[in-house]
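Here is what each chain is made of, one letter per residue.
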Amino acid sequence: MTDTTTEDLSRILKEHPFFKGMPEAFCDLISDCATIEQFDAGAYVFHEGDPANHFYLLRHGKVALEIKAPERGSIVVQTVRAGEILGVSWLVPPYRLTCDAKAVELTRTITVNAACLREKCDEDHDFGYEMMQRFMPIMVQRLNATRLQLLDVYGIKA
Amino acid sequence: MASKPEAQSTETAGDIMVPRVARVRHSRLDGPDTWTLDLDDETFSAGSYVPGQFNMMMAFGVGEVPISMSGDPSKPDLVHTVRAVGAVSAALTQLKPGDVLGLRGPFGVGWPIAEMDGRDVVIVAGGVGLAPLRSLIYHLINERERYGDIAILYGTRSPNDILYHDELESWRGRFDLEVEVTVDHATGPWHGHVGVVTTLIPHATFDPLNTIALTCGPEIMMRFTIAALQDAGVADEAIYLSMERSMKCAVGFCGHCQFGPVFVCRDGPVFRYDRVRDLLPVKEL
């Protein structure tokens with residue numbers, strides 16, 4: 001973790017594409033729950049089955065989402081890069097992570113404490129709705145992308 | 001709908017149905033089960049086709065398939081990239097230098113080159129769908145100053161399935177092209193992007209109000225791509241796709257490739273999206 005002031009975090013959050021246009025007061029709420037982290041290449045950000053205690057805004061680098069398969073090892077099913085988010089399970093019960101996340105290269109994140117943020121969402125439903133509006137499109141996009149992956153369209157019989 | 005060519009006279013139609021003989025000068029493996037053939041065809045010359053058009057390629061004694069040109073249209077070399085997916089294409093990929101094959105064409109409507117002048121160009125290719133776009137990419141590079149930002153977004157199944165690997169690396173090394181490659185899933189030492197090709201679109205640099213977007217690949221992939229392009233703000237009228245249907249005669253006579261009111265061989269294979277938009281979701285087509 002890096003020692004960063006709340007003002008710094010709030011500024012960094014506002015500059016992150018995912019929070020573009022978010023009201024300043026909401027950015028301040030998030031920065032109260034946030035820290036800066038760094039993961040070296042090869043380090044795991046989280047593992048499948050872990051409680052979703054954080055979500056991550058990638059500021060720099062790239063993270064591979066992996067699923068382990070018997071006799072096939074780790075299969076990378078998606079990469080997430082700077083400007084994107086990681087750990088959307090923080091928002092949806094049972095708040096459990098569904099894959100491994102490994103830094104492919106040096107990766108810097110804003111790491112947001114999920115319990116802290118869920119509490120703020122419960123206290124301020126406008127804020128909770130704002131978070132839902134920002135996360136749901138990402139979830140739907142990823143669901144659609146997963147459907148396309150499952151179709152295996154580049155196979156000869158596709 | 002796309003403009004229709006003048007009706008063929010009986011004599012011309014007869015000529016069109018007769019293949020000429022070409023000879024394989026060189027063949028190379030460009031991807032799994034995918035071979036690129038350089039052909040000697042005495043009727044062929046530089047500029048004699050529009051990128052996106054196709055020839056009917058005949059493996060004698062086996063059959064005939066439509067294959068787009070994949071070479072540099074400014075050079076006097078006829079180049080086709082063929083993936084072995086059936087009996088005819090498999091026979092074509094097994095041809096060696098000196099072997100002969102039959103050719104008819106070029107046929108169809110190619111990519112809208114005139115429309116691209118002065119605009120950004122986004123190319124979204126999937127799998128072997130990069131082949132019909134390669135001729136266009138050569139053209140764009142040859143006349144680079146005529147276009148704005150150019151993004152080439154390529155998706156395929158796995159790192160081992162990447163087509164034209166060396167060429168993609170070479171294009172990526174240029175300062176005036178944005179080239180992004182992604183694979184649907186990966187194992188081992190792949191450090192590139194993983195995810196479907198549509199995930200590359202939000203990261204590409206282009207002005208959606210001044211862009212022509214071109215896509216070629218499996219039809220499902222193109223439908224998802226078009227949705228992502230629309231999300232990025234590209235108008236339906238600025239999106240072009242290359243369709244694939246069972247083609248036989250290649251000139252709109254036989255009806256095998258009929259797609260609603262159009263024939264893919266004659267009115268396509270390249271279509272402006274808004275002209276086929278209502279046909280794509282029809283299951284019976």
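In the block above lies the structure referred to throughout.
The structure presented is a predicted model; accordingly, all values stated were derived computationally and were not measured.

K.L.:
Give me the lowdown on the overall build of chain A, citing residues and values where you can.
P.N.:
Across its full length, chain A carries 4 helices and 8 strands. Counting helices and strands in the order they occur from the N terminus, chain A gives α-α-β-β-β-β-β-β-β-β-α-α. Each of the three principal axes of chain A carries a C-alpha extent, and together these read 50 × 30 × 25 Å. When burial is assessed residue by residue, chain A has 47% of its 158 residues classed as buried.

K.L.:
I'd like to hear about the interface of chain A and chain B, residue by residue, with values.
P.N.:
Of the residues lining the interface, 22 residues belong to chain A; the matching set on chain B comes to 27 residues. Summing both sides of the interface, chain A and chain B together bury roughly 2,200 Å²; the carbon and sulfur share of this comes to 59%. Counting the contacts that link chain A with chain B gives 2 salt bridges. Across the pair Arg-81 of chain A and Glu-180 of chain B runs a salt bridge, and its minimum N-O distance is 3.8 Å. For the side of chain A that touches chain B, the elements supplying multiple residues, two or more each, are strand S5 (73-81) and helix H4 (125-151) of chain A. The dominant element in the side of chain A that touches chain B, judged by the number of residues it contributes, is S5 of chain A, at 7 residues.

K.L.:
Lay out the nonpolar core in plain terms, naming residues and giving numbers.
P.N.:
Among the nonpolar cores identified, the biggest contains 81 residues, and Met-116 and Leu-214 of chain B are the most heavily contacted of them. At 7 residues, helix H4 (residues 131-142) of chain B tops the list of elements feeding residues into this core. Setting aside its immediate chain neighbours within four residues, Leu-214 of chain B contacts Trp-111, Pro-112, Met-116, Val-121, Val-122, Ile-123, Val-124, Leu-133, Leu-136 and Tyr-240 of chain B. Counting 42 residues, the second-largest nonpolar core is a separate cluster that includes Leu-9, Phe-19, Ile-85 and Val-112 of chain A.

K.L.:
Can you explain empty space enclosed by the protein? Please cite residues and give values.
P.N.:
Across all of its chains, the model carries 1 cavity of 30 Å³ or more by this definition. If you add up the space inside the largest cavity, you get close to 110 Å³. Around the largest cavity sit Tyr-154 of chain A together with Gly-31, Pro-32, Thr-34, Arg-83, Gly-127, Val-128, Tyr-154, Thr-156, Asp-161 and Leu-163 of chain B, which together line it. For the lining of the largest cavity, the per-class residue count stands at 5 nonpolar, 4 polar and 2 charged.

K.L.:
How would you summarise the packing of H4 of chain A against helix H6 (residues 219-231) of chain B if you had to cite specific residues and measurements?
P.N.:
The geometry of H4 of chain A relative to H6 of chain B is characterised by a closest axis approach of 10 Å and an angle of 165° between their N-to-C directions. Between H4 of chain A and H6 of chain B, the angle is such that the two are roughly antiparallel. For the crossing formed where H4 of chain A meets H6 of chain B, the hand is left-handed. Here H4 of chain A contributes Asn-144, Leu-148 and Leu-151 of chain A to the contact with H6 of chain B, which in turn contributes Ile-220, Met-221 and Phe-224 of chain B. Broken down by class, the residue content of the contact of H4 of chain A with H6 of chain B amounts to 5 nonpolar, 1 polar and no charged.

K.L.:
Pulling in residues and values, what's your account of helix H2 (residues 24-32) of chain A?
P.N.:
Here H2 of chain A has its buried residues at Phe-26, Cys-27, Ile-30 and Ser-31 of chain A. Down the axis of H2 of chain A, the buried set is contained in an arc of 140°. They therefore lie on one face.

K.L.:
Describe in detail the layout of surface pockets, supporting the description with residues and values.
P.N.:
For the largest pocket, the calculated volume is near 1,200 Å³. Lining of the largest pocket is provided by 37 residues; of these, Pro-66, Val-85, Val-128, Glu-244 and Arg-245 of chain B occupy positions nearest its centre. With 5 residues, strand S4 (residues 63-68) of chain B is the single largest residue contributor to the lining of the largest pocket. Residues of the lining of the largest pocket, tallied by class, amount to 21 nonpolar, 10 polar and 6 charged. Volume-wise, the second largest pocket comes out at about 960 Å³. Along the walls of the second largest pocket sit 33 residues, with Glu-84, Ile-138 and Gln-141 of chain A together with Thr-199 and Pro-202 of chain B positioned nearest its centre. Per-element tally for the lining of the second largest pocket: the top contributor is H4 of chain A, with 8 residues. Across the lining of the second largest pocket, the residue classes tally to 15 nonpolar, 12 polar and 6 charged.

K.L.:
I'd like a rundown of the packing of aromatic side chains, residues and numbers included.
P.N.:
Counted by the stated rule, this structure contains 11 aromatic pairs over all chains. Here Phe-18 of chain A and Phe-19 of chain A contribute two aromatic rings whose centre-to-centre distance is 5.0 Å and whose plane-to-plane angle is 65°, an arrangement assigned as edge-to-face. Each member of the pair, Phe-18 of chain A together with Phe-19 of chain A, is buried. On the basis of an interplanar angle of 70° and a centroid distance of 4.9 Å, the ring pair of Phe-18 of chain A and Phe-135 of chain A is categorised as edge-to-face. Placement of Phe-18 of chain A in the loop between helix H1 (6-15) and H2 and of Phe-135 of chain A in helix H4 is noted, with a sequence separation of 117 residues between them. Assessed through its relative accessible area of 0%, Phe-135 of chain A is described here as buried. Following the ring pairs from residue to residue traces out a cluster consisting of Phe-18, Phe-19, Phe-55, Trp-90 and Phe-135 of chain A. The ring of Tyr-95 of chain A is capped by Arg-118 of chain A, whose NZ or CZ atom sits 3.8 Å from the centre of that ring. The lysine or arginine in question, Lys-96 of chain B, covers the ring of Trp-35 of chain B, its NZ or CZ lying 5.6 Å from the ring centre.

About the cut-offs
Residues numbered from 1 in each chain as written. Chains lettered and ligands numbered in written order. Predicted model: local features only at pLDDT ≥ 70, side-chain atom pairs only at ≥ 80, totals over all residues. Heavy atoms only, no water. Helix = DSSP H or I, 4+ residues; strand = E, 2+ residues; numbered from the N terminus. Buried < 20%, exposed > 50% of the residue type's maximum accessible area, 1.4 Å probe, protein only. Contact = heavy atoms within 4.5 Å. Buried area = accessible area lost by both parts, 1.4 Å probe. Salt bridge = Lys/Arg side-chain N within 4 Å of Asp/Glu carboxyl O. Core = buried A, V, L, I, M, F, W, Y, C linked by side-chain atoms within 4.5 Å. 1 Å grid on protein atoms, 1.4 Å probe; cavity = no way out; pocket = protein on both sides within 12 Å on 5 of 7 lines; lining within 4 Å. Points joined across faces, edges and corners; volume = space filled by probe spheres on them. Nonpolar A, V, L, I, M, F, W, Y, C, P; charged D, E, K, R; others polar. Axes fitted to C-alpha atoms, helices over the stretch in contact; angles between N-to-C directions. Parallel < 35°, antiparallel > 145°, perpendicular 65-115°, else oblique. Left-handed = near helix turned anticlockwise from the far one by under 90°. Arc of directions from axis to C-beta. Phe/Tyr/Trp six-rings, centres within 6.5 Å; stacked < 30°, edge-to-face > 60°. Lys NZ or Arg CZ within 6 Å of the ring centre and 35° of its normal.

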